[in-house]
Each structure stands twice: as structure tokens, then as C-alpha cells.
Amino acid sequence: MIAETLPRVLIVDDDAAIREGLAEVFERSGFAAVCAPNAAAMDKILADQGADLVILDLMMPGEDGLSAARRLAGRGWPPVIMLSALGDDADRIVGLEVGADDYMAKPCNPRELVARARAVLRRARDGDAAATRAEAVRFAGFRLDVARRELTDPDGVLVALSTGEFRLLRAFVERPQRVLTREHLLDLAFANDGEVFDRAVDVQVSRLRKKLERSDQGELIRTVRGEGYLFTAKPTPG
Amino acid sequence: MSAARPRGLPIAAHLALLVALVFATAFAVTVTIILALPPRPPDVMRSDQIVSDFIDGYRAAARTGRAPRGAGMHWTIHEAAPAIPSLAAAAPVKADIAQRLDIAPDKVALMGEFVRRDTVVFRVQRTHAEHIREMEMHIATDIVREPPVVPPARETPAPTPPPPPRVVVIGPPDAPAPPAPPAPPIVFAPAPPNVILLSGFTLAAELPSGRWLEMRQGRNDEEFGWILRAALIVGATLLVLTALALWFARRLARPIQTFAAAVQAVGVDPKSAAVAEEGPRELRSAAGAVNAMAARLRALVADRTQTLATVAHDMRTPLMRLRLAAENAAPEQRARIAKEVAEMEALIASFIAFARDDSASERRVRLDLAALLQSLVDDEAEAGRDVRLVGGEERLVIMGQPLGLKRLFANLIDNAVKYGARAAITVRREDAAVVIDVVDDGGGVPEDMREAIFKPFVRLHGRHGENVSGAGLGLTAARSIARAHGGDVIVADSPHGALVRVRLPIEEPIKTAG
């Protein structure tokens, strides 16, 4: 079967038009798509065929998306992207806190959803699974709340991160003490935007460095000449 | 919410003040009563004792030239004879003194309150030997010596020593007084016949130097001890009572304090724990009322949350369908549909955000406002909009709600790039506040609209009179968030474009390590 080679995405939504529309978009982008109208059907498909990724609607009759996402996160596999009609920051945080890997609000750009799906799959494949799933990590006195996208400095002051800075920092934190090339970082942190240059990585890194300069462990992001960047701290879950 | 402390003293302080006032008054009245009582009359003294005290003092004064001290008397030395009226009954005493001091009797003055002999009985303790001798005398002789009426002043150089007082024995009546009785009994005796009794007296005599020595029986010192003891006891009682009252007042006020805190918590978040129904009865019923209100609020909030979620779902699901359908359309149509959908979505989002009013429930943390603004500006710049941040190199730590503040400034930046082409944000500190100006290069806000635009659903037209997208809720939300942080948002004067000024109170600068 060709499906063996293609990543399998399971779309769970009670609205048939959305299910089919999404399936079409995903299939066109090189995924194998399966659909389920509710959580019970999702469980059946996961048990029978499995999936590499679940796109999960929040509000469904029967078991709602949050509780289904929590169950899947507890199992550890497959990764989940919540797709919800509740698009507030607060809702997004709740979704990420129950263990979803990403969260998008309806209506979204379908191609952005596909891009995020790719990013989630990539992270799930090559990232440190524990670090990826951790709600928060600590390093060098800082604390990064992944769900809230909040960085708290050693003085306990919340330092807001831009979306780019957050993604970059998460990429570093998930791959500590490893040299990451600009291309790799672009791939990890700017997955949804094709128009970013290498230079943008340098700009983001220098901004991030400024926000991390309160560390007592010296430079946390070191430049490796001719290769890329290295995150020197050792993050711990918490 | 760290609202300013309400004016007025706490109940405990009121009670404590009242109690302190009552006790202080009670104390003052008690002391006044004690002090206003007529002083205890001076002790009655025997003239022989007075004379012997005076002669001792006189000799000392004659020797040193200074007024002696002691004997419970006030001693003074006068340059001239003090004006002391004479007391007829005291003449023999004066004569006695004059004789013993070897001065003329008119150089002695004595006055005082004469006390009849038979009204006073002295308690006398004598040595055993004296007692026996007196008993023998009493039994052997039946002489009752008549008191010398007026002893001849000068003719008798040898004064008769005061005779042994007649003794009334209150003891074994007919004991033959063997050497057996171990302790001398206490006897009570009236003054001897030639001894007069005086109280409140003044006695003076001329010293060899010509000055006069005066001895005055003072106020009874015993009295001061008594007053002091009374005052101490009253004072100590009042102190103990005050402490008890304070404790009680605090105990009374504590449930009111916890009540206030609990009501405050319910006001901020109806889902917080119920107010404990304890303490005084009035408080219990108030707590009950607040809990009933909180329950109704909870039901209301739950209803509203449910309604909003349903509305969001029902409106966004068709939009999502539309967006997916657009994927099959021609690229230029797809872009147009996407734009309309995004606009529609923005409207729905602002309605829902307005109706939800998350500002009350989000937690407050210490956050760096400069970093927050920088991150917003970076996000805008990444989205290709011309937004710049001026200032904000220093950390600006405030207490605030990260999502709420992000929404506040995102709304202002949104407006700026909607009505103008670019936005500039300046940050600066002013005393205990951070002032953030968001300036655009649009048409500005007419003077008469500067307050009105903060009302819900009020929108301005664009520079060229065109309609501008949006629900007209951005500034309303921004102001409500700023006010929840103890700050405000206003539209200020600006030479060109609109200037929206946010003022937020700053936290005390934290000490930076190193």
C-alpha cells in the first residue's frame, strides 16, 4: 500500500464538510487522510489502523476534544493538533496544557494547518519526546512554559517572547548541546512561512540572546562559526 | 485587585479606642476620687514624744545651723519668730521645753489641735522587766498622782520626770506575776496625766543664733502609700482589661476581615470558594447572602460561557467550510475569500472577547512590559507591518496580566495601522508609572470624539471617509484592561495622526542581583 510510505493523518470533526475539505487538502499535500466524526470512531480507527497525527476538533457531540486530547497525550502517541472554534489565547493555552502539540483556531488557512502538521510530525520524529511533551522546562534559572509561551527569568519576571522567538527557543530547548544549522532552525522555527531567509534566524537569535542575558551561566546561545548555533544549557522538565 | 486601602479605621481599632477611652476615664475618675478625699487627719501624738523629738532636732540645728530632717516632721528655720497662735492647754509643755532647752518660755511657740486625753488609748509594748515593775507598783501603791496643773516655771529647776503611766492590764487579771510569763503582754494605756495629746501641731523655738526653728507635723505619709497602692491596683486592672478588650476586638474583627477578603475573591471570580458562614450572627447572614449571590453569578457565568462557545462554534464552523471550499477556487478568488473570511473572523473574535471579559480572571504576574511591547512589535514586523518601538531598552517590571496587556496593546497597534499606515510606540517612565504612546500617521481623532471612541461599537471613518473594518470594541477593551491594572487609556493631543496614551502604574524597581 502506498499509505505505508505516506504520513497518516486522522481528522476528527463532527462537521462533514470540514472533514472532507480538510482530507482533500491533506491528501493534496502528500498525506494519507482518514476521517472520524467523533471520539469513539477515532479510538476505533486508532486501534485498527493507527495514525501518525490527529487533527482534533474541540467541540463535538459525545466526548469533547479536550478530553480526547488528554487521553492521547497520556498515551504519548500520536501527536495531536487541536482545531477549535474557540480561538482565544486562553482557549489555546487550555488546549496546549492538556497535551496537544499545537492548536489552531477555526477558520484557519488550510495550508498553514498542513505546514503545522508537518512541523509537529518532524518534532515528534526527531525531537526528544519527553522535552517535546513537557509543559514547562527549566534552564539556567529560566522557566519556559510551552503551553503559555511564557518565559520567566531568574528574578521571576515574565519576559514576553514573540512568536518567532518562542519557536526558536523551543527548538533550542528541545535539542540542547547540539549544533543546529540555520537551515535546520528555519525548518523547526519558521515552518509556516516560506519567505524567511537565513538572515532572519540571525536576527531572531540576537533578540533571543538579549532576552536571555540575565542568565548567570554566560552565553546560552553560542555561535559556532560556519556551522550554526549551539544551546549550551541543559534543560530539565518542570 | 490591589485597590487602594479604603479609608476609615478597622472595627478592631474603633473598639480598642472606645475601650481605651472608657478605661482611661475610669482611671482618671478613680484617681480624682482618691485625691479629692479629705486627707486623713494627722496622727495624734503625745506631748512628751513631741518634746523629745523637738529637743533632738533643736540640738542638731543649734549645732549645725541647718534644719534637721526626720522624725516624720517638716523642719524649717525662720529668721524671725513665726506667727504661731498660742494654745492655752499647751502651756505646761512649752514650759517644759523652755526649761529643758534653757531658754525663756516666750521663746517657745506651740499650737495644735488639742485632743482630750480620755479619747485616745495608746497601745504600748514594754519590756518584761518594766512590766513586772509596773505591776508591782500598781499593786503596792494606790497612789494616783494628780497632774500638776501649772508647774512653776522657773522655781523648779529639777523637772519631775514623767511618771510611769497608769496601766490598765488587759491580760491575766490576777496573775501574781511570777518570773514565768514568757512574753510581755501588750498593754493599752491612756496618756499619762501630765502628758497632753496633740495633732496637727506646730512647734517653734528660738535657736541660740536668734533664728527660729520650726517643727510642723506634716501630712500623713501613710496616705501616699495607700493612694499609690490603690492607683497601682486600679491601673493594673485596667491594663489587663484593656489587653482582654483588644484581644476580643481583634477576635471580633477577624471574621469581618476574612469575610471582606472572601467577598472580594467572589467578586473577582465567582468560582472561588464560598464565604465561610461564621462569626457574629450579622456576619453569618451577610455571608449567606453573598454565597447565594455567588451561586447565581456562577450560574450566569456558566450560561454565558456556554452561549458564547455555542455562538463561536456556530459562526466559525461555516466560515471554516467556506475557507476550505475556497481552496478549490481560482487563486485570486481564493485570496479574496480568505480576506473576507479573516475579516469576518476578526469581528467574531472581538465580539466574543468583549462578551467574555477575561480581564477579571487572568492571573497577575510580574512581567517586563518592555519585552512584551518588543515581542508584539516583532510579531507585527514579521507580519510585514510598519511598527516601531522607541525606548524600552530598560526593563520595566509591572504587575499585570500577560494576555490582557498583550490584547490591550495589540488592539491599539491594530487601530494605528488600520487608520494610518504605520505606528510608532514610545515607552518611558514617569515617576511611578509607565507611559506608552501609540502614534499613527492617520487622520487623527477629532477633539469631540476623544472620549466617545472608548464607548462600545463607536467607530471613526477612515481618512478619506471610507469604512474601516472592525466592531468598534478594541478601545473599549483596551481601556477596561488598563483600568483593571490601575491605569488608563486616553487620546492625547498630537501634531499629526492620533496619539493614544496608556498609563500603567509600575512596580517598585526590583533590586537586580550583581
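See above for the structure.
Now for a quick tour of the structure.

How each quantity is defined
- Residues numbered from 1 in each chain as written.
- Chains lettered and ligands numbered in written order.
- Predicted model: local features only at pLDDT ≥ 70, side-chain atom pairs only at ≥ 80, totals over all residues.
- Heavy atoms only, no water.
- Helix = DSSP H or I, 4+ residues; strand = E, 2+ residues; numbered from the N terminus.
- Buried < 20%, exposed > 50% of the residue type's maximum accessible area, 1.4 Å probe, protein only.
- Contact = heavy atoms within 4.5 Å.
- Patch = residues over 30% accessible without salt bridge, like charges linked within 9 Å, V, L, I, M, F, W, Y side chains within 5 Å.
- Areas by Shrake-Rupley, 256 points an atom, 1.4 Å probe, with all protein chains shown as cover.
- Salt bridge = Lys/Arg side-chain N within 4 Å of Asp/Glu carboxyl O.
- Polar contact = N/O pair within 3.5 Å; in protein donor to acceptor, adjacent residues only side chain to side chain.
- Buried area = accessible area lost by both parts, 1.4 Å probe.
- Nonpolar A, V, L, I, M, F, W, Y, C, P; charged D, E, K, R; others polar.
- Pairing = 2+ DSSP bridges.
- Axes fitted to C-alpha atoms, helices over the stretch in contact; angles between N-to-C directions.

What follows concerns the overall build of chain A. Across its full length, chain A carries 9 helices and 13 strands. Looking at chain A as a whole, 55% of its 238 residues are labelled buried. In chain A, the share of contacts with a sequence separation of at least 24, taken over all contacts with a separation of at least 6, comes to 60%.

Attention now goes to a nonpolar patch on the surface. All names here are of chain B. Together, Val 240, Leu 241, Leu 244, Trp 247 and Phe 248 line one region of the surface with nonpolar side chains, adding up to about 520 Å² of accessible area. Tracing the chain through its elements places Trp 247 in helix H5 (residues 221-268). Accessibility expressed as a relative area gives 51% for Trp 247, which makes it exposed.

Next up on the list: the side chain of A:Asp13. Residues and elements named next belong to chain A. Within the element layout of this structure, Asp 13 appears in the loop between strand S1 (8-12) and helix H1 (16-28). Judged by its relative accessible area of 1%, Asp 13 falls in the buried class. At a separation of 2.9 Å, a polar atom in the side chain of Asp 13 contacts the main-chain amide nitrogen of Asp 15. A polar contact of 3.1 Å, which involves the side chain of Asp 13, links it to the side chain of Lys 106. In this view, Asp 13 contacts Ile 18, Arg 19, Ala 36, Pro 37, Asp 57, Met 60 and Lys 106; residues no more than four positions away in its chain are not counted.

Turning next to the interface of chain B and chain A. Listed per partner, the contact involves 38 residues of chain B and 43 residues of chain A. On the chain B side of the interface with chain A, the three residues burying the most area are B:Met320, B:Leu324 and B:Arg395, jointly 17% of the side's total. On inspection of chain B and its partner chain A, the count reaches 6 salt bridges. As a salt-bridge pair, A:Asp155 and B:Arg395 come within 3.8 Å of each other at their nearest N and O atoms. For the pair chain B and chain A, the interface holds 14 residue pairs in polar contact (both at pLDDT 80 or more). Those elements that provide at least two residues to the side of chain B that touches chain A are helix H6 (281-326), helix H7 (331-356), strand S8 (365-368), helix H8 (369-382) and helix H9 (402-419) of chain B. Here the element with the most residues in the side of chain B that touches chain A is H6(B); it accounts for 11 residues. Across the side of chain B that touches chain A, the residue classes tally to 15 nonpolar, 6 polar and 17 charged. As defined by bridge partners, strand S9 (residues 158-160) of chain A adjoins S8(B) across 2 bridges and the pair is classed as parallel.

Of note, the bond from A:Lys106 into A:Pro107 is cis; its omega dihedral lies within 30 degrees of zero at -5 degrees. You can see A:Pro107 is positioned in the loop between strand S5 (102-105) and helix H5 (110-126). Here the phi dihedral of A:Arg149 falls at roughly 55 degrees; this positive angle occurs in a residue that is not glycine. Note that A:Arg149 resides in the loop between strand S7 (142-145) and strand S8 (150-152). Positioned with a positive phi, B:Asp102 is a non-glycine residue whose angle comes to about 60 degrees. Residue placement: B:Asp102 occurs in the loop between helix H3 (91-101) and strand S3 (108-115).

Here we take up the environment of A:Arg143. Residues and elements named next belong to chain A. As for its position among the elements, Arg 143 is in strand S7. C-alpha of Arg 143 to C-alpha of Leu 158: the two residues are 15 residues apart in sequence and 9.3 Å apart in space. The contacts of Arg 143, once residues within four sequence positions are left out, are Ala 136, Val 137, Arg 138, Glu 150, Leu 151, Thr 152 and Gly 238.

Read across the sheet, 7 strands follow the order S13(A)-S6(A)-S7(A)-S8(A)-S9(A)-S8(B)-S10(B) without closing on themselves; strand pairing throughout is mixed. Because the sheet does not close on itself, it has two edges, and the strands there are strand S13 (236-237) of chain A together with strand S10 (397-400) of chain B. Against the sheet, H8(B) engages S9 of chain A together with S8 and S10 of chain B, with an angle of about 60 degrees to S8(B).

Another point: the environment of A:Ile18. Relative to the assigned elements, A:Ile18 resides in helix H1. Residue A:Ile18 is classed as buried on the basis of its relative accessible area of 0%. Not counting the four nearest positions on each side in its chain, A:Ile18 is found in contact with A:Asp13, A:Lys106, B:Thr317, B:Met320, B:Arg321 and B:Leu324.

With that out of the way, let us pick up the sheet that holds S1(A). All names here are of chain A. Strand order in the open sheet formed by 5 strands is S2-S1-S3-S4-S5, with parallel pairing between adjacent strands. Across the chains shown, the open sheet's two edge strands, defined by having one partner strand only, are strand S2 (32-36) and S5. The sheet shows a mean angle of 20 degrees between the axes of neighbouring strands, taken without regard to direction. Two strands pair when backbone bridges link them, and S1 and S2 are joined in this way by 5 bridges, in the parallel orientation. Along S2, the bridge assignment pairs Val 9 with Ala 33. In the packing of H1 onto the sheet, the strands contacted are S1, S2, strand S3 (53-57) and strand S4 (80-84), and the crossing angle to S2 comes to about 165 degrees.

In short, the description is geometric, and any link to function would need to be established separately.
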